[in-house]
Each structure stands twice: as structure tokens, then as C-alpha cells.
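Single-letter residue listing:
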Amino acid sequence: MSRKRPVVRNVTIGDGTVRVTVLGAGRPVLFLHGISAHGRAWRPVAERFAEAHQGWECWLLDLPGRGASDARAELSYTLDDEVRRVRAVVRALSPDGPRPRLVAGHSQGAAIALALAEAEPDIGGLLLSNPVTPEIRSPAILRLLRSSAVRRGVGSLLAPLHAPLGHLVLKRACGPAFRAPSELVAAYARPWASPARARTLLRILADWHPAELEDRMPRRPVAAHVVTGAHDPRIPVEAARRLAARLDCGFTLSPDGGHVLTEQHPRLLTRLLAELATGFTP
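The present account deals with the structure reproduced in this document. Position numbers for residues count from 1 along each chain, tracking the sequence in the order it is written. Owing to the predicted nature of the model, reporting of local features is limited to residues with pLDDT of at least 70; listing and counting of side-chain atom pairs is limited to 80 or more, with chain, interface and lining totals taken over all residues. Each side-chain value is derived from all of the structure's non-hydrogen atoms; neither hydrogens nor water enter the calculation.

### Quick look at helix H2 (residues 79–93)
Next, step 1: Taking 1.5 Å as the rise per residue, H2 with 15 residues should run 21 Å; its terminal C-alpha atoms sit 21 Å apart, in good agreement.
Next, step 2: Per-residue accessibility, obtained with a 1.4 Å probe over protein chains only, is compared with the maximum for each type, and a residue is labelled buried under 20%, exposed over 50%, and partly exposed between these values. Starting at the N terminus, helices and strands are each numbered in turn, a helix being any DSSP run of H or I of at least four residues and a strand any DSSP run of E of at least two. Every buried residue belonging to H2 is among Leu79, Asp81, Glu82, Val83, Arg85, Val86, Ala88, Val89, Val90 and Leu93, and all of these are buried.
Next, step 3: Whether two residues are in contact is decided by their heavy atoms: any pair within 4.5 Å suffices. Summarising the contacts, the buried residues of H2 are in contact with strand E1 (7–13), strand E2 (16–24), strand E3 (26–32), strand E4 (55–61), helix H3 (108–119) and helix H7 (195–207). Here, expected helix span is obtained from the residue count minus one, scaled by 1.5 Å.

What follows is the structure, given as C-alpha cells:
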């Protein structure tokens, strides 16, 4: 499969610079990654989608504080903050042109996508992979991270352990049928190598409360599809199924899937995204 080289844009908003990778050309599709991931998590899906479906332009964000975007531990990262910043990036990318009508979100990115759809009436289609739902609860231990002193100490402690930490996180998330390649492990581990960036990631974890989504769910019909893995250790299958029922949308269960379906089954997610796209004119 031949693929054009992606275009990388650094978009400046009030809270810093956000890295956006752009593939294809046409009507934008927005891709939002998980809480401690990066835009490249959606790359296997976006490449296939842009190659096979002309007229669509894929925007892969490194959400603020993650990937190659600016890391600022002094900022707040509540759901409303995340949505506000994504909206600012979208406006900067297309001040007078078309806005995304399709959004693909993974894990926390799926929760942001849902809240974004409530805030942006142009959004009509959502692909929600391994979605965080309003019923998911943050681990109690994350309350300790509300202290900046704790974050500084933990961030410095984790920096020299970033490689085994990345391996451990991915091994647990992938499920039994997917062995993460070394470059993928390195990509997830790399941000923790910097104490400053680790402190930002810890602030993001401290500020994340999935229950906030309850009051930010779309109050209008939205074409959506929920997909998850039978071996996802983070999002219970039944929680994802209940979200699909609440949205009155399609639901797909990957029998061997874990939490990182974007990397494990990109062809499946590309097909589901393409099916959603048929309802929209690029």
C-alpha cells in the first residue's frame, strides 16, 4: 500500500503548542488518543482510511501534555479543559473552512469525543474504541497525585524506570493475543523519561474524573459505533455495551482484543470508520 508522507503542523493555542499530524486531503476527520498515549496510536487506522477513501483529511492530535505537544504541569486537565483545547485546535486548523463531522476516539479520547459532540453541532459521527464511560471510576490511588509535591517526587522516581514501565503498561493493556513491537513500547515509555513531562502526565491522571462525562453526553442523536476488546483490562465489556445501548448505536466486540485496538486491529477500526463515513459527504 503506497502512502503519502504526512504533514506535521504545530498549532499554537492559549495553553501552548499542539502537534497535529495530517494525512490525506478533504473533509477533516478528527482522531483523539487515550489519556497517556499520543497521536500515533491512531496512525495505523488513519493511514488506511486516508489511502482507501479519497476526500477525507485525517487530523491526529497529540493532546496537550502528550506526544510532541507542549507539557505544562501547572495547567488543569479536566474534561472541560480537554474539550476547550481541542475546540481551539480545530478552529486554528480550519478558521474559515470545514470542521470535522467525524471523530474517532480511543479510551479517554472517546470520552472527549462524546463531550465534543455535545459542544460542536457539526459533529455527526463518532467511532468510540475502548471508550471510557461515565460509570468508570478513577483508581483511588490517583487522589495522591493531586499534590504537586507528590507529582514532583513520583515524576523524578519514574524517569529512570521509563523503559520497564512502558513495557509493563502495554503488556497489561494489549491482551493475550497481541505482542507489542519494541518501537511501540518505546513510544509509550519515552514521555516518562523526562521528569517534567512525567509530572504533566501525572497531573493529567490526577485531573481525570470520568464521571464528569455524565453531564457532557450528547443530547441529540449522533451516528456512533462502539468497539471494544473482550480482554480489555481497563474498560469492562459490559460498560462499553451499556454505552452503545445508551447511544442507540452499533456495538462490536473483538474476541481477542485488548485495550489498544487501534494498534491491534486497525483494519477492523478502519472498516467501522468507513461505514460511519458513508453517511457523510466528504
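### Regarding the nonpolar core
Next, step 1: In this text, buried Ala, Val, Leu, Ile, Met, Phe, Trp, Tyr and Cys residues form a nonpolar core when linked through side-chain atoms within 4.5 Å. Grouped together as the largest cluster of nonpolar side chains are 56 residues, with contacts concentrated most on Val20, Leu30, Leu32, Leu61, Val86, Leu126 and Leu128.
Next, step 2: For this core, the element with the most residues is H3, which contributes eight residues.
Next, step 3: Dropping the residues within four chain positions of it, Leu128 is found in contact with Gly105, Ala110, Ala113, Leu114, His225, Val226, Val227, Leu243 and Leu247.

### A word on the environment of Pro98
Next, step 1: Mapped onto the elements of the fold, Pro98 is located in the loop between H2 and strand E5 (102–106).
Next, step 2: Taking relative accessible area as the criterion, Pro98 reaches 40% and is therefore assigned partly exposed.
Next, step 3: Sequence separation between Pro98 and Gly26 is 72 residues, and the spatial gap between their C-alpha atoms is 9.0 Å.
Next, step 4: With residues up to four places along the chain from it excluded, the contact list for Pro98 reads Arg27, Pro28 and Trp59.

### Some words on the side chain of Arg66
Next, step 1: Its place among the elements puts Arg66 in the loop between E4 and H2.
Next, step 2: The exposure class assigned to Arg66 is buried, which follows from its relative accessible area of 1%.
Next, step 3: Two N or O atoms count as a polar contact when they lie within 3.5 Å, although within protein this holds only if one can serve as hydrogen donor and the other as acceptor, and sequence-adjacent residues are included solely when both atoms are side-chain atoms. Polar contacts involving the side chain of Arg66 include one to the side chain of Gln108, which spans 3.3 Å.
Next, step 4: Beyond its immediate sequence surroundings of up to four residues, Arg66 is in contact with His33, Gly34, Ile35, Ser36, Ala37, Tyr77, Glu82, Gln108, Arg197, Leu201 and Ile204.

### Section: the packing of aromatic side chains
Next, step 1: Between 30 and 60 degrees the pair is tilted, below 30 it is stacked and above 60 it is edge-to-face, where a pair is any two Phe, Tyr or Trp rings, Trp via its six-membered ring, whose centres lie within 6.5 Å. Counting across every chain of the model gives two aromatic pairs.
Next, step 2: Residues Phe49 and Trp56 carry aromatic rings whose centres are separated by 6.3 Å and whose planes lie at 50° to one another, so their mutual orientation is tilted.
Next, step 3: Residue classification places Phe49 among the buried positions, given a relative accessible area of 0%.
Next, step 4: We count a charge as sitting over a ring when the NZ of a lysine or the CZ of an arginine lies within 6 Å of the ring centre and within 35 degrees of the ring normal. Over the face of the ring belonging to Tyr77 we find Arg85, whose NZ or CZ atom lies 4.9 Å from the ring centre.

### Observations concerning the pattern of salt bridges
Next, step 1: When a carboxyl oxygen of Asp or Glu lies within 4 Å of a side-chain nitrogen of Lys or Arg, that pair is called a salt bridge. One pass over the full model with this rule turns up 14 salt bridges.
Next, step 2: Arg84 is the partner of Asp15 in a salt bridge, and the nearest nitrogen-oxygen pair spans 3.1 Å. Here Asp15 is found in the loop between E1 and E2, whereas its partner Arg84 is found in helix H2, with 69 residues between them in sequence.

### Topic: helix H1 (residues 43–52)
It helps to recall that an α-helix has 3.6 residues per turn; residues three or four apart then point in one direction.
Next, step 1: H1 sits mainly inside the fold: seven of its 10 residues count as buried.
Next, step 2: For H1, the set of buried residues is Pro44, Val45, Ala46, Glu47, Arg48, Phe49 and Ala50.
Next, step 3: Here the buried face of H1 lies against E2, E3, E4, helix H9 (261–264) and helix H10 (266–277).

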